[in-house]
Amino acid sequence: MPPSLVPARATAHANIALAKYWGKSDIAHNLPAVPSISLTLEELVTETEVCFEPGRKHDELLLDGRRATAAETQRANELLDRVRNAAGIEHRATVTSTNHFPTAAGLASSAAGFAALAAAAIRAAGQELDSSELSALARRSSASAARSVFGGFVELAAGAPGEDGLAAKPIAPRKHWDLRLVLALTAAGPKSVGSTEAMERSRTTSPFYDAWVASAPRWCDAVKQAIHDRDLEMLGTAMEQSTLSFHCCAITSQPSTLYWTPATVAALQTVSKLRAKGVPVWSTMDAGPHVKALCEAEDAIRIRHALTQTPGVLQVLVATPGPGVEVSS
Ligand code: DP6
């Protein structure tokens, strides 16, 4: 093995969007049609090791101890091809990726996975990228992964078609605001439709998609201002609108993508009832049935208790602001 090709390992953390990305302006370059802002989470971490090996015929990907499916391997292979092109090498790689999440049920994140894969592959190929270049590389595989390169509060602008260097940017460190995200898991197993496919269905068939694209920047601006001012009510209100609006597009697409279950609705109602009683808490969801409640640190235990008591909720976890990608050889 040439001396520059040594196995490399990276960790990255999942992020939750406070203002959502949903829909692409350019599918080939994987560019988002709307700006988004996220919070990286300490507890949801993926660890990935990459080793380029002379003589190996194909890339091999092991995910949580099992051999990856053809579709999963293909997505990793595309990222590895970009790294090989940049490094001028042809070796295939073995990739071993493990989600160290407190549960296996439904939180596996492409954001953490592709951020860790990009960082480990670049190091294993003997290359150096700055954080912005690494974020752009991860974004080509999964746009939310661009944000997991950074810790704390992170923004990803909308991309103009062809804007291949688009990268996320940190807007405030994790210590800026000690928020909590209380995660209520409402179903076991993988989601019914992946986010890439569901957002494309929304773009091409939902009658509300254009309204979503027109409105999303306003919610993103409000979320950014609220983070700056540490104004949870302003943040929570914009976050809920952003969440419900992208789900509106998903639900009204053809065929409809309805991620919600009875437990989803029950958990959303638990959050709004707590708020009616004076607890400052707002909910968000991603492309799946789980409900995530955003609150100040001091309210997290009470909210966790209420969500644990909610019919159909299987498990509740509390997550804290986390760091960006870290590489070790
Ligand atoms: C609902 O980043 O998974 O979580 O770019 O096609 O891989 P691709 O999509 P992905 O979409 C995430 C959608 C979301 C909202 C968000 O994280 O902003």
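Conventions used here
- Residues numbered from 1 in each chain as written.
- Predicted model: local features only at pLDDT ≥ 70, side-chain atom pairs only at ≥ 80, totals over all residues.
- Heavy atoms only, no water.
- Phe/Tyr/Trp six-rings, centres within 6.5 Å; stacked < 30°, edge-to-face > 60°.
- Helix = DSSP H or I, 4+ residues; strand = E, 2+ residues; numbered from the N terminus.
- Core = buried A, V, L, I, M, F, W, Y, C linked by side-chain atoms within 4.5 Å.
- Buried < 20%, exposed > 50% of the residue type's maximum accessible area, 1.4 Å probe, protein only.
- Domains from an automatic or database assignment.
- Contact = heavy atoms within 4.5 Å.
- Near = heavy atom within 4 Å.
- Polar contact = N/O pair within 3.5 Å; in protein donor to acceptor, adjacent residues only side chain to side chain.
- Nonpolar A, V, L, I, M, F, W, Y, C, P; charged D, E, K, R; others polar.
- Salt bridge = Lys/Arg side-chain N within 4 Å of Asp/Glu carboxyl O.
- Expected span 1.5 Å × (residues − 1).
- Buried area = accessible area lost by both parts, 1.4 Å probe.

### Things to note about the packing of aromatic side chains
Enumeration according to the criterion identifies three aromatic pairs in this entry. For the ring pair F153 and W177, a centre distance of 6.5 Å and an interplane angle of 25 degrees mean the geometry is stacked. Taken together, the residues span a long stretch of sequence, with F153 in strand β8 (residues 153–156) and W177 in the loop between β9 (169–172) and β10 (179–185) at a distance of 24 residues. Aromatic pair W212 and W219: ring centres 6.1 Å apart, planes at 35 degrees, arrangement tilted.

### Digging into the nonpolar core
Residues L18, W22, V50, F52, W212 and L235 are the most contacted members of the largest nonpolar core, which totals 87 residues. Counting residues domain by domain, this core receives three or more from each of domain 1 (8–176) and domain 2 (179–319). Each residue touching W22, except ones within four places of it in the same chain, is listed here: V34, S195, A198, M199, S202, Y209, W212, F246, C249, A250 and A287. Listed in part, the 18 residues of the second largest apolar core include A184, V279, M285 and A293.

### Structural notes on the site of the ligand
Contacts to the ligand come from 19 residues, most closely from Y21, K24, S142, S144 and T196. In the model, an oxygen atom of the ligand is placed 2.5 Å from a nitrogen or oxygen of the K24 side chain. Between the ligand and the protein, one listed contact pairs an oxygen atom with a side-chain N or O atom of D286 at 3.3 Å. Contributions of two or more residues to the shell around the ligand are made by α4 (143–148) and α5 (195–205). Taken together, the residues of the shell around the ligand break down into seven nonpolar, seven polar and five charged. Both domains that meet at the shell around the ligand, namely domain 1 (8–176) and domain 2 (179–319), each give it at least three residues.

### Side note on the pattern of salt bridges
Under the criterion given, the structure shown has 17 salt bridges. A salt bridge links R84 to D81; its shortest N-O distance comes to 2.8 Å. Residue R84 and its partner D81 are located together in helix α1 (residues 70–87), separated by three residues, close to a single helical turn. One salt bridge in this structure joins K292 and D286, with 2.9 Å as the shortest N-O distance. The partly exposed category is assigned to D286, whose relative accessible area is 22%.

### Thoughts on helix α8 (residues 262–276)
Each turn of an α-helix holds 3.6 residues, which means side chains three or four residues apart point in the same direction. Taking 1.5 Å of rise per residue, 15 residues should cover 21 Å, and α8 covers 21 Å from first to last C-alpha, within 8% of that figure. Within α8, the full set of buried residues consists of A263, T264, A266, A267, L268, T270, V271 and L274. Packed against the buried residues of α8 are α7 (232–251), β11 (281–284), β12 (291–296) and α9 (300–308). Note on α8: the residue one or two positions beyond its end, G278, has a positive phi of about 100 degrees.

### Things to note about the domain arrangement of the protein chain
Per the domain assignment, the segments of the protein chain are domain 1 (8–176) and domain 2 (179–319). Placing the centre of domain 1 and that of domain 2 at their C-alpha centroids yields a distance of 23 Å. Listed by partner, the interface residues are 29 residues for domain 1 and 44 residues for domain 2. For the pair domain 1 and domain 2, the summed buried surface comes to about 3,000 Å²; carbon and sulfur atoms form 72% of the total. Together, L18, K20 and W22 form the three largest contributors to the area buried by domain 1 at its contact with domain 2, with a combined 29%. At the boundary of domain 1 and domain 2, one finds two salt bridges.

### Focus: the environment of I171
Structurally, I171 can be placed in strand β9. When the C-alpha atoms of I171 and F150 are compared, they prove to be 9.6 Å apart, with 21 residues separating the residues in sequence. In contact with I171, not counting residues within four places along its chain, are I37, F153, V154, E155, K224 and I227.

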